[in-house]
Structures are given as C-alpha cells and as structure tokens.
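# Residue-level structural notes
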Amino acid sequence: MSSKKILIVYLSRTNNTKTIAQIIHKNIGGTLVALELQTPYPENYQATVNQVSNENATGFLPPLKTKIDSIEKYDVVFVGFPTWGMQLPPPVKSFLRQYDLSGKKVIPFNTNGGYGIGSSFETVKELCQNSEILDGFTIKGGSERDGILLALTGDKQANAETEVKKWLRKIKILQ
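Residues numbered from 1 in each chain as written. Predicted model: local features only at pLDDT ≥ 70, side-chain atom pairs only at ≥ 80, totals over all residues. Heavy atoms only, no water.

Attention now moves to the overall build of the protein chain. Regarding its fold elements, the protein chain presents 5 helices and 6 strands. Shown N-terminal to C-terminal, the secondary structure of the protein chain runs as helices and strands in the order β-α-β-α-β-α-β-α-β-β-α. The C-alpha atoms of the protein chain give a radius of gyration of 15 Å, which matches the 16 Å a tight globule of 175 residues would have. Here the C-alpha coordinates of the protein chain stretch approximately 45 × 40 × 25 Å along the principal axes. (Helix = DSSP H or I, 4+ residues; strand = E, 2+ residues; numbered from the N terminus. Rg over C-alpha atoms; globule rule 2.2 N^0.38 Å.)

Written out as structure tokens, the structure is:
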C-alpha cells in the first residue's frame, strides 16, 4: 500500500470522526484533510439539526471552503463523517459531487451516536459509481444530542485504534 497515494478526508463536528481519521493517518500515512464549509454550521446543535434537515429535504449542497489540489494524484480516498439524520451529511455529499473519484478506491468511515450508519454508506456508493468502494468502518462516538460530545478518549480511543487496525487489515490496506 505504501506506493499508493492516500487521501483521508473527514467531516467532524465533535472531534470523534477526526479522532478516527487521525488513527487511520497514524497507521497508513497519507494526506489528512478536514472538510470545512464556506459558511460554517451554527454552534447550536438544534440549529444545525434543523439546517441539515432542511438541506436534506431540499437537496441543497453547502459550498466547501476546503479545496483539494490535484485529486487525480490520489489512488485511495478515505471519506469520514458522522451520521446526521440517518444520512450522509450534506457537506460530504458536496465533496463527493465536486470531485471525480472515478477509478479510485473509496473507503467510507463513520462515527455515530449509536444509531448506526443509516443510508450513508449506500449514498457513498451511489455518488461514486465509477470507484471501487471498500468495506466501511463504523464506531459509536458521542451523542451530541445527549450532551456527550467526545466519547473517543482514553480507553475508548485505545479500543477504537485496535478496531481501526483490524478493519484496515481486513480491507488489505494495512499489513
């Protein structure tokens, strides 16, 4: 895998997805990029939930501040995100529509508050039809709704690291 060019792109509101992205990066290297919006979501959780719900209902894709130079130089693209409303977050849809990932290995990873991935991995497949989609990874992080912002710390982070390594070996990215 070392000869492959790896991009790890992630969206993280509470730093749980960022933690998983950093664990992946620590184990396989590559370029680590946080997805940022031109107009960030509100700090208030409920306001963000309402905005995202409206974006999902209308199909609005928020413009990204993040720009990836020379996307064509990457062979493998990890795409990390939390589950929002049981769907792929609109900023991740923006990223997948904005960049042509044809011919690349696309690998989704997810953190969630306990409800799972919803339709998010399926949406990644739909938006990357000309890519090879590898089995994704999901782990329970915090639940912002319940005031548990960062759950992937201490023992949970060590456990997450073990689980990520196991997954990277299973999909043959890590020896």
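So, next bit.
Here we come to unusual backbone geometry. Within the chain, N15 stands out as a residue other than glycine whose phi angle is a positive 80°. Positionally, N15 belongs in the loop between β1 (6-10) and α1 (16-28). Even without being glycine, K172 reaches a positive phi, approximately 65°. By relative accessible area, which is 67% here, K172 ends up exposed. (Buried < 20%, exposed > 50% of the residue type's maximum accessible area, 1.4 Å probe, protein only.)

Once that is clear, we can look at the side chain of S120. Within the secondary structure, S120 is located in helix α4 (residues 120-127). Apart from residues no more than four positions distant in its own chain, S120 is found in contact with F81, M86, Q87, L88 and N110. (Contact = heavy atoms within 4.5 Å.)

Quick look at the pairing of strand β3 (residues 76-82) now. For β3, the buried fraction is high: 7 of the 7 residues fall into the buried class. Residues V76, F78, G80 and P82 of β3 are buried on one face, and the alternating residues V77, V79 and F81, pointing to the opposite face, are buried as well. Relative to β3, β1 runs parallel, the two sharing 5 bridges. When the bridges of β3 are listed, I8 appears paired with F78. (Pairing = 2+ DSSP bridges.)

On to the environment of K140, then. You can see K140 is positioned in strand β6 (residues 137-140). Take K140: its relative accessible area is 51%, and that puts it in the exposed class. With 16 residues separating them along the chain, K140 and V124 place their C-alpha atoms 19 Å apart. If near-sequence neighbours (up to four positions away) are discounted, K140 is found in contact with N112, G113, G114 and L152.

Along the chain, I133 falls in strand β5 (residues 132-133). The class for I133 is partly exposed, based on a relative accessible area of 23%. Separated by 128 residues in the primary sequence, I133 and K5 place their C-alpha atoms 16 Å from one another. Sequence-distant contacts of I133, defined by excluding residues within four places in its chain, comprise V106, P108, V124, K125 and C128.

Our focus in this paragraph is the packing of aromatic side chains. Inspection of every chain in the model, using the stated rule, returns 6 aromatic pairs. With 5.4 Å between their ring centres and 75° between their planes, Y41 and W84 make a pair best called edge-to-face. Placement of the pair is Y41 in the loop between β2 (31-34) and α2 (45-58) and W84 in the loop between β3 and α3 (90-98), with a sequence separation of 43 residues. Each of the two residues, Y41 as well as W84, counts as buried. For the pair F95 and Y99, a centre-to-centre distance of 5.2 Å together with 40° between the ring planes defines the contact as tilted. On the basis of relative accessible area, F95 is assigned to the buried category, the value being 0%. One aromatic cluster is present, formed by F78, F109, F137 and W167 through successive ring pairs. (Phe/Tyr/Trp six-rings, centres within 6.5 Å; stacked < 30°, edge-to-face > 60°.)

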